[in-house]
Every structure is written in structure tokens, then in C-alpha cells.
Amino acid sequence: MADIAKPAHGGGGDHDGETRRDFLFLAAGAVAAVGAASVAWPLIDSLNPAADVLALASTEADLSPVEVGQSLTVTWRGKPIFIRHRTDKEIEEARAVPLSELPDPETDQARVIKAPWLIMVGICTHLGCVPLGQKPGDPRGEFGGWFCPCHGSQYDTSGRIRKGPAPKNLVVPSYKFDTDTTITIG
Amino acid sequence: MAFQTKNPVIRWIEYRMPIFSFIDHSVGSGYPTPKNLNYWWNFGSLAGVALMIMIATGVLLAMQYTPHVDYAFRSVERIMRDVNYGWLIRYIHMNGASFFFIVVYIHIFRGLYYGSYKAPRELLWMLGLVILLLMMATAFMGYVLPWGQMSFWGATVITNLFSAIPVIGDSIVTWLWGGFSVANPTLNRFFALHYLLPFVILGVVVLHIWALHRFGSNNPLGIDVKGPQDTIPFAPYYTVKDYFGIGVFLIAFAVVIFYLPNYMGHTDNYIEANPLQTPPHIVPEWYFLPFYAMLRAITFNIGIPFTGVVLIEAKLGGVITMFGSILILFLLPWLDTSPVRSAKFRPLYKWFFWVLVADVVMLDYVGSQPPEGIWVPIGQVCTAYYFIHFLILMPLLGKLERPKPLPVSISEPVLKGSGPVGAAATAQPMEKA
């Protein structure tokens, strides 16, 4: 560029080919680039979740009608939340597994607030399908938990991935017990 | 041949903006075309016709469709039942997507067989692949719009592919969705993009034709045009041949529209989307199945052997494999080391070409099957072969294969009525008489 600028300025070559025009050109270019980048961000960010989407209220769930061995599905932020009232056998099985056997090691204790109540986002961590296992007749897979029909991922009674393409355990959302039988998710 | 007319209106416009000579030069009598093109060369113009059909019917459908999760499914049913000829327009658009892909896939395999991607047409080939990628994005987003079960769960599975990207994957998926799941913001933006992308495709088609005209069409012999004696004007010789092809195409298209309109669809998509229930078997449309099979073929983590260190999780590996299957085609002009274009003169490649066709057809079938039992290893073998074909066989064949002697020119075998004379390497360009 400096080479091109030179003839136009005649004696501009005295300063290693740099000219006032080069400086102005670069400075203006830099300002334009920063300007373009700062306008680009609002345009890109407009596609992120809007305030009303973010403000979606947390979900409350009443656990009292759910007997031992039964499940309940509620919706939170458009996603299914699996609530399972686990049997003692299911809890035992989940706690008996050595962590070394798990693709995504996590203790059962770390995944629950109260041992009988397992509360998870019911979305397979592979590609987002809803696993089966909430209804009495559903297939539960080899580990007695949940089975994803899309690509065959199998989860155990703690919702941890045991077999199949999913990389992670079913996600435990943040929730708290308001009373002994009601929870607030989110 | 320069464009000439006596029509005063055309002359008046032409003098101020030479658009008529431009059209004549692009797809008219001013475009000299190799005189030996066979019917496989019909599919380029057929793809253009399919694009026009899709844009015309799509614009009409957009006037009746409502891109909102509460109304989308209902508005499509209204198009089918209440709008005058709505059923026809929708069936044309729905099956038009399938026919567009059939035509484009044949067009691509034509290029593979006759070596149309080789120098100096590399950029032409790459622009074609860009069109293919845009078509895939457009078709995927269009399929989401009726808001049926397959729409919703297809969108969920495909957008979740991006969550495989390390560190920023989840943020990207949230950004794509505009929320925390596929929902109304997602449907809105997919509709906007589905309307936009066909016009982007149109733009790239113009570039594709521009690049084509730099060196002209390849031909079944794969040898260069040596002079005017090897060509005939595109119009009327190939326009009339294209019209015949369009007639055949439209007959096949009409048979499907009127007698088998849902043959290539899935019944699940006539059930409204339910975010709480995944259909037992999610399958993409047939034209995505080979890629879907490759996505599912990677069921294992890739890491450093014997250390347990995982470099690429199975999920990311599948995504890389799927996108890689198309990206690898961009490198094909350089992976293929043979100087001979047409498979007619490549005794080994000819066979490997058909093995590749069989491999892709097999992948298409595997993609339609549940990912269990024998289909997993079959899918893995077919996926491996696909990459072996391009990464190992194509570079090796060019070195190992002994091509048959090439004809001296396109005219020579016809005019002399004799077989090939001499090898192309030593052939001199034919002097114009």
C-alpha cells in the first residue's frame, strides 16, 4: 500500500514509505472496524433468550400424590422435569455402584436432597430427546432407570448415564423443598 | 456469436443495458457447448427448475402460514383443507424438496463420474457444494415449520448437535433456540431463514453458472474442447434437450404429488408437536439419512490408547464425521491425483465409483433403521468406506491406475468413425481447418 501511495506524494519515501495518508487510512479503518464490531454484538445478542423468556417463573410441584415407585413429569422452562419417588431397592442399587463403573462419575447422594426424591431435567444429554421410564409400561433399560428411544442411551436409578452415546448424567436442576411435600424448581 | 435482433424495443434496452446479450451468452445461442453431452447433463438445469418451483410455491404458502407455536400446525391443516388448491401447493412444495435433492444428488454423482470437479473447474465444484449445504439448511428449517412431532424432535436433535462443541456448545444451542428449548422464538427465526436462504441459493447459483462459463461444460469424454468444431450452441440444441428432460421430470413429479404425496414423509408429522413426548423412532427425511447414519456410526470415544484419556467424545466424534463427510468433498479436486477426468477411461475408478454409490445407498438405508443390533456395525463399515474412498483410494488410484488412451478430440471419434487414437498426453490440439 505504501508503495502505491508513494508516487502520489512525490517525496513521501523519506520516512520508510510511510505517509500521513497511510496513518489516516489505518486510523479510519480501525475506527470503522471497532464501530462495526460494536454494532454486530446487539444484532447477534438479539437472538439470545429475550427478557420475557428469561423471566419465565420458576415451577412449583406438589409431591404429596406421588406414591413410592411412582413418577411425575412437570414442565419448567419448556422442558420436562422428571420427579421420581424412588423405592428403597432403587436407592440401594444406585448407591451400591462403584464410581469407577460410571462414565460420568457422581455419587447418588450428590444428586438428591432427600434420598427418595430424584428430581432431574428429563432430557437426554445426547441429543435432547425425552427418555422413557416415567410411565409404568415404559422400557427402563438394563439399569432400571430411563431409556432413550432415539439413540439407545441407558440411565440408572439415579439418572446417571451407564450405556449408550450420551456423555453426561441427566441434569439435576436447582430446586428446594418449600415444605416436606412441595418443591420449587429454578 | 454476437447477439443480434431487429426488434426495436430490445435494441433500445440492449443499448442502455446489455441484458439480452448477457442472457444469450449465459444460456442461449451465444454459449458454445460440447456437442457430446448425454442426458446426465440435464440435471443442472433441472435443479434450476426445481429451485424455481420451490420458490414459487413457497411464497404462496408463506401467505397462508402462521409462524407461531400455537397456530403453525393449525395453519398448515387449514392450507390442506380450506385454502383453494392449498393441498396441491403444499404437496408440490413438500415433495419438491425431495425431487430437488434427487436431481442435485444425481448432478453431483454425474460430476464424480465424469471428473467435472477437476482443474480448472475446482471453484465451480466448490460453489456447488456451498449450494448443497445451503439446501440442507433450508430443507431442515422448512421441515420444522409445520410443527408436527417430527418437526419438533428433528429440530431438537439437530440443534443439539452444536452442544457437542467443547466449552461454548451449550451457549450456542441457547443462542440458536432463543430460549431453553425449541420453542416459539426458534420457530420464528427458522421461518425467517427458510424464506431468506433460497434467495441466497439463487445468488450462489449465479456464481456457479458464472464459474461454469469460464471454461464451459465438461463432457462425457472429459477432454477439453479443441475448437468450434467440437461445440454446438446451447440454444436451441441443449435448451430443447433440457425441455424434454423437464417433461420427463414433471411427469414423475406429478405421479408422486397426485398418487403418493405422503410416501416420502412420516406419519408422525401429522401429530402436533409435543415437547414432553419423543416419538419412538426419530428419522430425518430420506435425503439426510446417509449423513444421519454417519452421525450415529461413532458410538465410541476417541482417545489415547491404554491411557483412558478421551480426546473426542463419541457425540462430538459423530458430529465431526457427519460434517466432515461433506467438507471432504471440498478437497476432492486435490485428493484425486488422476489427470484423466472421465471414468470412461479409468478402468479401476469406474468400479470404485459404483462401490461408492452402493455405499451411500446403504448408508441411506442404515440411517432409516433403529440404531441397534447389526445396523450399528454395518453403519460403521459403510462410514469408514466413505472416508477411505476419498482419503485413500482417490489419491492412490490416480497413481496405480493405467488409464485407457483418450480420443484426440470430441469430434474425432464421431467424424472418423474409428476408435481412440494415441494417448492424450501426446495429443496435439487439433488445428482448426
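Residues numbered from 1 in each chain as written. Chains lettered and ligands numbered in written order. Predicted model: local features only at pLDDT ≥ 70, side-chain atom pairs only at ≥ 80, totals over all residues. Heavy atoms only, no water.

Our next topic: the UniProt feature "transmembrane region" (unreviewed entry) in chain A. With numbering matched to this structure, UniProt assigns "transmembrane region" (unreviewed entry) to residues 23–44 of chain A. Along residues 23–44 of chain A one finds 100% helix and 0% strand; the C-alpha atoms at either end are 31 Å apart. (UniProt positions renumbered as here; feature names shortened; annotations may be inferred. Helix = DSSP H or I, 4+ residues; strand = E, 2+ residues; numbered from the N terminus.)

Residues and elements named next belong to chain A. With seven of seven residues buried, strand β3 (residues 79–85) is to be regarded as a mostly interior element. Judged by which residues are buried, β3 turns out to be covered on both faces: K79, I81, I83 and H85 on one side and P80, F82 and R84 on the other are all buried. Relative to β3, strand β2 (residues 71–76) is paired through six bridges, and the arrangement is antiparallel. Paired with T75 across the two strands is P80, which belongs to β3. Taking the residues that link successive antiparallel strands as the turn, the β2-β3 hairpin has two residues, and the phi of R77 there is positive, at about 50°. In this structure, β3 lies alongside strand β4 (residues 117–121), joined through five bridges in antiparallel fashion. Looking at β4, one finds that R84 is bridged to L118. (Buried < 20%, exposed > 50% of the residue type's maximum accessible area, 1.4 Å probe, protein only. Pairing = 2+ DSSP bridges.)

Before going further, it helps to spend a moment on a nonpolar patch on the surface. On the surface, a cluster of nonpolar side chains totalling about 980 Å² of accessible area is made up of B:Y85, B:W87, B:I251, B:V255, B:F258, B:Y259, B:L260 and B:Y263. Top element by residues in the nonpolar patch is helix α10 (residues 234–259) of chain B. It accounts for four residues. (Patch = residues over 30% accessible without salt bridge, like charges linked within 9 Å, V, L, I, M, F, W, Y side chains within 5 Å. Areas by Shrake-Rupley, 256 points an atom, 1.4 Å probe, with all protein chains shown as cover. Salt bridge = Lys/Arg side-chain N within 4 Å of Asp/Glu carboxyl O.)

It is characteristic of soluble globular proteins that their nonpolar side chains tend to be buried jointly. Among the nonpolar cores identified, the biggest contains 116 residues, and B:L112, B:W147, B:Y386 and B:F390 are the most heavily contacted of them. Per-element tally for this core: the top contributor is helix α6 (residues 122–144) of chain B, with 13 residues. Sequence-distant contacts of B:L112, that is, excluding residues within four places in its chain, are made with B:Y117, B:W125, B:L332, B:Y349, B:F353, B:L356 and B:F390. Judged by nonpolar contacts, the second largest core, of 14 residues, contains A:V74, A:I81, A:V121 and A:I185. (Core = buried A, V, L, I, M, F, W, Y, C linked by side-chain atoms within 4.5 Å. Contact = heavy atoms within 4.5 Å.)

Residue and element names in this part refer to chain B. Applying the stated rule across the entire model yields 16 salt bridges over all chains. When the shortest N-O distance is used, the salt bridge between D336 and R346 registers 3.4 Å. Here the residue D336 occupies a position in the loop between α13 (332–335) and α14 (347–368), and R346 occupies one in the loop between α13 and α14, the gap between them amounting to 10 residues. Comparing D336 with R346 shows no difference in burial state: the two are buried. Residues R346 and E401 are paired through a salt bridge, measuring 2.8 Å at the closest nitrogen-oxygen approach.

All names here are of chain B. Omega for the peptide link from A119 to P120 comes to 5°, which places this bond in the cis form. Here P120 is to be found in the loop between α5 (86–113) and α6. A positive phi is found at Y85, a non-glycine position, where the angle reads about 55°. Structurally, Y85 is set in the loop between α4 (72–81) and α5. For Y85, a relative accessible area of 58% puts it in the exposed group. A positive phi angle, close to 60°, is found at W147, a residue other than glycine. Tracing the backbone shows W147 in the loop between α6 and α7 (149–160).

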